[in-house]
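The chain contents come next:
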Amino acid sequence: MVNQRFNKSYFDRYYGKRPVRSLHEVAHLATAVHELATWWSSPIRSVLEVGAGPGDWSNWYRTMQPNVRVTSVDVSEHACATYGHQQRDISSWSPSSPFDLVICMDVLQYLDDINATRALRNLTKATRTYLYFDALTTFDAKHTVDRDATDLDAHLRSGTWYRQRLSRSFKQAGAGLWVRKTSSVVLHELEHAR
Ligand SMILES: C[S@@+](CC[C@H](N)C(=O)[O-])C[C@H]1O[C@@H](n2cnc3c(N)ncnc32)[C@H](O)[C@@H]1O
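Residues numbered from 1 in each chain as written. Predicted model: local features only at pLDDT ≥ 70, side-chain atom pairs only at ≥ 80, totals over all residues. Heavy atoms only, no water.

Caption draft 1: Just the overall build of the protein, in detail. Each helix and strand counted, the protein has seven helices and seven strands in total. When its helices and strands are written in sequence order, the protein yields α-α-β-α-β-α-β-β-α-β-α-α-β-β. On C-alpha atoms alone, the protein measures out to a radius of gyration of 16 Å, which is about the 16 Å that the 2.2 N^0.38 rule sets for 194 residues. On the principal axes, the C-alpha backbone points of the protein span a range of 45 × 35 × 30 Å. Buried residues in the protein amount to 46% of all 194 residues. Within the protein, contacts between residues separated by at least 24 positions form 66% of all contacts whose residues are at least 6 apart in sequence. (Helix = DSSP H or I, 4+ residues; strand = E, 2+ residues; numbered from the N terminus. Rg over C-alpha atoms; globule rule 2.2 N^0.38 Å. Buried < 20%, exposed > 50% of the residue type's maximum accessible area, 1.4 Å probe, protein only. Contact = heavy atoms within 4.5 Å.)

This is the structure in structure tokens:
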């Protein structure tokens, strides 16, 4: 499970002076997702952050929503020792019981097709209601990201590759948020993508 790539130099490079995103930006996103869940009458009481890195989401939850049960995991020994996560590889691990919200942001591009497929299955098992998911795609690498600030040495796949797999168990609410079809949340027709 030890992954040498995600060491101190990796985190200094991408989360040091010029981080790919700030804690402040993530705070807006976490607030929006948390409030949407309340709007849909299925509030978030437990959270799992997968491939947490610096742990911006789990830190926001621990600080701003202290009544929410928070677990954060990462494959990197350095990230676990520095930021306090459990060491888990999402391609081979899923929790024994599901969480209301699972967050997996910018992780699956580091896994090859076979392991990314396994990881998507484990993320699905881990999710009771909401999945916040993002991964660098071929399109993003070309068109949307700051190429100097982003690690492009990854397994780039199409958005369709991820959508097809996620759509088997989730409805796409948009902006990275997916709602598990087996959950109690009922989305209006125009609240989700087809
Ligand atoms: C680009 S960072 C993203 C960190 C954080 N999610 C964020 O959005 O800022 C990628 C993270 O994924 C973790 N990671 C890579 N492969 C993983 C795996 N198979 N299981 C769990 N974590 C993994 C790395 O250790 C690293 O912390």
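Caption draft 2: Molecular detail of the site of the ligand. Neighbouring the ligand are 19 residues, the closest being Tyr-15, Arg-21, Gly-51, Asp-74 and Met-105. Between the ligand and Gly-51, the relevant distance is 2.8 Å, taken from a nitrogen atom to a main-chain nitrogen or oxygen of the residue. Val-75 is positioned such that a nitrogen or oxygen atom in its backbone is 3.3 Å from a nitrogen atom of the ligand. Protein contact buries 96% of the 600 Å² of open area that the ligand shows by itself. When residues of the shell around the ligand are assigned to their parent elements, the largest contribution, three residues, is made by helix 1 (residues 8–15). Along the lines of polarity and charge, the residues of the shell around the ligand split into eleven nonpolar, three polar and five charged. (Near = heavy atom within 4 Å. Polar contact = N/O pair within 3.5 Å; in protein donor to acceptor, adjacent residues only side chain to side chain. Areas by Shrake-Rupley, 256 points an atom, 1.4 Å probe, with all protein chains shown as cover. Nonpolar A, V, L, I, M, F, W, Y, C, P; charged D, E, K, R; others polar.)

Caption draft 3: Representation of the sheet that holds strand 2 (residues 69–74) within the structure. Read across the open sheet, the seven strands follow the order 3-2-1-4-5-7-6; overall the sheet is mixed. On the outer flanks of this sheet lie strand 3 (86–87) and strand 6 (170–174), each paired with one strand and no other. Contacts from helix 5 (residues 113–126) reach strand 1 (46–50), strand 4 (99–105), strand 5 (127–134), strand 6 and strand 7 (177–180), with the element oriented near 140° to strand 5. (Pairing = 2+ DSSP bridges. Axes fitted to C-alpha atoms, helices over the stretch in contact; angles between N-to-C directions.)

Caption draft 4: Inspection of unusual backbone geometry at higher detail. Here the phi dihedral of Asp-106 falls at roughly 60°; this positive angle occurs in a residue that is not glycine. One non-glycine residue, Ala-175, lies in the positive phi region at around 55°. By secondary structure assignment, the location of Ala-175 is in the loop between strand 6 and strand 7.

Caption draft 5: Representation of the pattern of salt bridges in the model. What the rule picks out here adds up to six salt bridges. Of the charged contacts in the structure, one is a salt bridge between Arg-5 and Asp-151, with a shortest N-O distance of 2.9 Å. A residue pair is termed long-range when its members are at least 10 positions apart, and Arg-5 in the segment before helix 1 and Asp-151 in the loop between helix 6 (138–143) and helix 7 (159–166) qualify at 146 residues. For Asp-151, a relative accessible area of 10% gives the class buried. Where Lys-8 meets Asp-12, a salt bridge forms, and the shortest distance between an N and an O atom there is 2.7 Å. Here Lys-8 and its partner Asp-12 are both found in helix 1, four residues apart, which amounts to about one turn of the helix. Judged by its relative accessible area of 48%, Lys-8 falls in the partly exposed class. Via salt bridges that share partners, Arg-5, Asp-151 and Asp-153 belong to a single interconnected network. (Salt bridge = Lys/Arg side-chain N within 4 Å of Asp/Glu carboxyl O.)

Caption draft 6: The arrangement of the nonpolar core in detail. Within the largest apolar cluster, 31 residues are counted, with the highest numbers of intra-cluster contacts made by Leu-48, Val-50, Val-102, Leu-108, Leu-120, Leu-123 and Phe-133. At the level of secondary structure, the elements contributing two or more residues to this core comprise helix 1, strand 1, strand 4, helix 5, strand 5 and helix 7. With five residues, helix 5 is the single largest residue contributor to this core. In contact with Leu-123, not counting residues within four places along its chain, are Val-50, Ile-90, Val-102, Cys-104, Leu-108 and Phe-133. In terms of nonpolar packing, the next biggest core, distinct from the first, is built from 21 residues, Ala-30, Val-47, Tyr-130 and Val-179 among them. (Core = buried A, V, L, I, M, F, W, Y, C linked by side-chain atoms within 4.5 Å.)

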